[in-house]
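# Observations on chain architecture
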Amino acid sequence: MRNDYVHGRWGVPAKRQFNSEGYAVEGHWLLGFVPLHWDLSGQSDIQEKLMTMEEFAADVDACERLLQEYRALSDRYERFVVLRPR
């Protein structure tokens, strides 16, 4: 996910968010993101991903939780590792 969000083009704000009646929601803009791709043939159909700030924040929270879990696993592994002399 980090590489997806770091390597790409952001549009801030990209578009306005609309409610179910078709009216623009005041103060709610959508972030637009187009991921970087290496298909230079021109045949790829890369779509812009639109998200609210809340959706982006949820992605960030999920990444932070995953990193914390990885760190805990890594710390636990280090406690039990035994290095052999060369």
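Preceding this paragraph is the structure being described.
Residues numbered from 1 in each chain as written. Predicted model: local features only at pLDDT ≥ 70, side-chain atom pairs only at ≥ 80, totals over all residues. Heavy atoms only, no water.

## Focus: the overall build of the protein chain
In terms of regular secondary structure, the protein chain is built from 2 helices and 3 strands. Element order for the protein chain, N to C, with α for helix and β for strand: α-β-β-β-α. Considering the protein chain as a whole, with its 86 residues, one finds that 12% of them fall into the buried category. Partitioning the contacts of the protein chain with sequence separation of at least 6, the portion at a separation of at least 24 is 34%. With an accessible surface of roughly 7700 Å², the protein chain has 56% of that area assigned to carbon and sulfur atoms. (Helix = DSSP H or I, 4+ residues; strand = E, 2+ residues; numbered from the N terminus. Buried < 20%, exposed > 50% of the residue type's maximum accessible area, 1.4 Å probe, protein only. Contact = heavy atoms within 4.5 Å. Areas by Shrake-Rupley, 256 points an atom, 1.4 Å probe, with all protein chains shown as cover.)

## What about the pattern of salt bridges?
In a structure, side chains of opposite charge can pair up when their charged atoms sit close to one another. In total, this model carries 2 salt bridges according to the counting rule given. For Asp59, the salt bridge identified is with Lys49, shortest N-O distance 3.8 Å. Of this pair, Asp59 sits in helix H2 (residues 53–80) while Lys49 sits in strand S3 (residues 49–51), placing them 10 residues apart in sequence. For Lys49, a relative accessible area of 39% corresponds to the partly exposed category. (Salt bridge = Lys/Arg side-chain N within 4 Å of Asp/Glu carboxyl O.)

## With respect to the side chain of Thr52
Mapped onto the fold, Thr52 is located in the loop between S3 and H2. Setting aside chain neighbours within four positions, we find Thr52 in contact with Gln17, Trp29 and Leu30.

## Let's talk about a nonpolar patch on the surface
Taken together, the side chains of Tyr77, Val81 and Leu83 define a hydrophobic patch exposed on the protein surface, amounting to about 360 Å² of accessible area. Position of Leu83 among the secondary structure elements: in the segment after H2. (Patch = residues over 30% accessible without salt bridge, like charges linked within 9 Å, V, L, I, M, F, W, Y side chains within 5 Å.)

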